[in-house]
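A closer look at the structure
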Amino acid sequence: MKVFQHVTDIGDLRAALAEAQEVKRDRYQWQHLGRNKTALLIFFNNSLRTRLSTQKAAMNLGMNVIVLDVNQGAWKLEAERGVVMDGDKSEHLLEAIPVMASYCDIIGVRSFARFESREDDYEERILDQFIRYSGRPVFFMESATVHPLQAFADLITIEEHKATARPKVVLTWAPHPKALPQAVPNSFAEWMQAADVDFVVTHPEGYELDPQFVGNARVDYDQMRAFEGADFVYAKNWSCPGVTRPADYGRVLHDYHTMMDWTVSARQMAVTRDARFMHCLPVRRNMIVTDDVIEGPRSLVIPEAANREVSAQVVLKRMLEAL
Ligand code: AN0
Ligand code: CP
């Protein structure tokens, strides 16, 4: 594997899920694969899970790991070509990328949506430059539009906890005080559309996800109706994707105080089929989900986060095998 961005990059999902279970049986059985190989993890944004789980996965494989927080100690990086660099940016990505690549074998990058323009974000300008100019395999650790390590971990978690062959999985929008990217719901939708599940999305009007990710998934603006008979509830906030009105891209469309009936609580969970609750974390309690639901016996948020180590290990293992 040279790039890990979309669900198609992982190939057959059955095989990927089987490999995840093989990792869980003994995660240290491939220490020879990573010997004298270095993973460089580059963070333009904050992280708890991605940072720790990906380092752990690389160490499980016997790799060396270097973590760079670009905004804490590195030079500020320019991403546009052709600008006169007389501002606060001291170095250009076009030099920084090949330099960083010269010290490692595999590169992971986290670079969130900037919300300056929908085109810039959806063209994946930053990650594309890493793919083009590093000469190394590149995996996305949440880019402007996707978070595939999260979606893969989510799929592993659903597979482990499903009680029926084809569970009903509901992705629900939930309120949040600040504008958040669409990367998590985009990837979750993309991976659920590729998996053997009955997938439904529910959100207020105006938050329609990009068709390249959501495809022809069922969308219901009535959250209670969408929750009926659900086996898994996956909550997430996202800002306006700007599909129908590009000018609204990245906006929070309503004052969140008026949207609090979308917070996942016992009221909605009551109409499900005793659904499991999922969220990628970090989560704002009593905005996205009530304390009782996230703490309750049906919550999967901790095993879901633990599976981030597993999804990262499958991806790194495949990249090492293809070096
Ligand atoms: C990020 C987001 O919503 O994309 C990261 C989630 C994994 N969340 C925040 O910035 C709070
Ligand atoms: N879920 C997730 O990616 O968490 P972090 O932002 O803490 O890495």
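Further up the page is the structure itself.
Reference entry: report on the structure contained in this document. Remember, predicted model here, so these are calculated numbers, not experimental data. (Residues numbered from 1 in each chain as written. Chains lettered and ligands numbered in written order. Predicted model: local features only at pLDDT ≥ 70, side-chain atom pairs only at ≥ 80, totals over all residues. Heavy atoms only, no water.)

Considering the overall build of the protein chain
Within the protein chain one finds 12 helices and 12 strands. On C-alpha atoms alone, the protein chain measures out to a radius of gyration of 20 Å, which is about the 20 Å that the 2.2 N^0.38 rule sets for 323 residues. For the protein chain, with 323 residues in total, the buried portion stands at 55%. Sequence separation of at least 24 residues holds for 78% of the intrachain contacts in the protein chain that already meet a minimum separation of 6. Counting every atom, the protein chain has about 13800 Å² of accessible surface; 49% of that belongs to carbon and sulfur. Here the protein chain holds 37 positive side-chain charges and 44 negative ones, and the gap between their average locations is 4 Å. (Helix = DSSP H or I, 4+ residues; strand = E, 2+ residues; numbered from the N terminus. Rg over C-alpha atoms; globule rule 2.2 N^0.38 Å. Buried < 20%, exposed > 50% of the residue type's maximum accessible area, 1.4 Å probe, protein only. Contact = heavy atoms within 4.5 Å. Areas by Shrake-Rupley, 256 points an atom, 1.4 Å probe, with all protein chains shown as cover. Lys, Arg positive; Asp, Glu negative; His and termini not counted. Charge placed at Lys NZ, Arg CZ, Asp CG, Glu CD.)

Thoughts on the site of ligand 1
F112, E142, H147, L180, P181, K236, C280 and L281 make up every residue found near ligand 1. Within the side chain of E142, one N or O atom sits 2.6 Å away from an oxygen atom of ligand 1. Note that an oxygen atom of ligand 1 is positioned 2.7 Å from one of the side-chain N or O atoms of K236. Considering ligand 1 on its own, with 330 Å² of exposed area, one finds that the protein chains cover 81% of that surface. The residue makeup of the shell around ligand 1, split by class, is 5 nonpolar, 1 polar and 2 charged. (Near = heavy atom within 4 Å. Polar contact = N/O pair within 3.5 Å; in protein donor to acceptor, adjacent residues only side chain to side chain. Nonpolar A, V, L, I, M, F, W, Y, C, P; charged D, E, K, R; others polar.)

Concerning the sheet that holds strand β9 (residues 198–202)
Spatially, the 5 strands line up as an open sheet ordered β10-β9-β8-β11-β12, and their pairing is parallel. Lying at the two open borders of the sheet, with one neighbouring strand each, are β10 (218–220) and β12 (276–278). Taken over all neighbouring pairs, the strand axes of this sheet differ in orientation by 25° on average, direction set aside. (Pairing = 2+ DSSP bridges. Axes fitted to C-alpha atoms, helices over the stretch in contact; angles between N-to-C directions.)

Focus on the site of ligand 2
Lining the immediate surroundings of ligand 2 are S47, L48, R49, T50, R110, H147, Q150, C280, L281 and R308. Contacts to ligand 2 include L48, whose backbone N or O atom sits 2.6 Å from an oxygen atom. The backbone of C280 places a nitrogen or oxygen atom 3.0 Å from a nitrogen atom of ligand 2. Its residues assigned to classes, the shell around ligand 2 shows 3 nonpolar, 4 polar and 3 charged.

Section: empty space enclosed by the protein
Applying the stated criterion to the full structure yields 1 cavity of 30 Å³ or more. A volume near 60 Å³ is recorded for the largest cavity. As for the largest cavity, its lining consists of W173, P175, H176, K178, Y207, N237, W238, S239, V252, H254, Y256 and M259. Split into classes, the residues belonging to the lining of the largest cavity amount to 7 nonpolar, 4 polar and 1 charged. (1 Å grid on protein atoms, 1.4 Å probe; cavity = no way out; pocket = protein on both sides within 12 Å on 5 of 7 lines; lining within 4 Å. Points joined across faces, edges and corners; volume = space filled by probe spheres on them.)

Describing the packing of aromatic side chains
Counted by the stated rule, this structure contains 9 aromatic pairs. With centroids separated by 5.4 Å and ring planes inclined at 25°, the aromatic side chains of F152 and W191 adopt a geometry described as stacked. With F152 in helix α6 (residues 148–161) and W191 in helix α7 (residues 183–194), this residue pair connects regions lying 39 residues apart in the sequence. For F152, a relative accessible area of 0% corresponds to the buried category. An aromatic cluster of three or more residues is present, and its members are F4, F152 and W191. The ring of F43 carries R51 above its face, with NZ or CZ at 4.7 Å from the centroid. Note that R118 overlies the ring of Y122, its terminal NZ or CZ placed 4.2 Å from the centroid. (Phe/Tyr/Trp six-rings, centres within 6.5 Å; stacked < 30°, edge-to-face > 60°. Lys NZ or Arg CZ within 6 Å of the ring centre and 35° of its normal.)

Section: the sheet that holds strand β6 (residues 106–110)
The 5 strands are arranged β1-β7-β6-β2-β3 in an open sheet whose pairing can be described as parallel. In this open sheet, the two strands that pair with only one neighbour each are β1 (3–4) and β3 (64–69). Examined bridge by bridge, strand β2 (residues 38–43) and β3 share 6 bridges and lie parallel to one another. Within β3, the position partnered with F43 by the bridge is D69.

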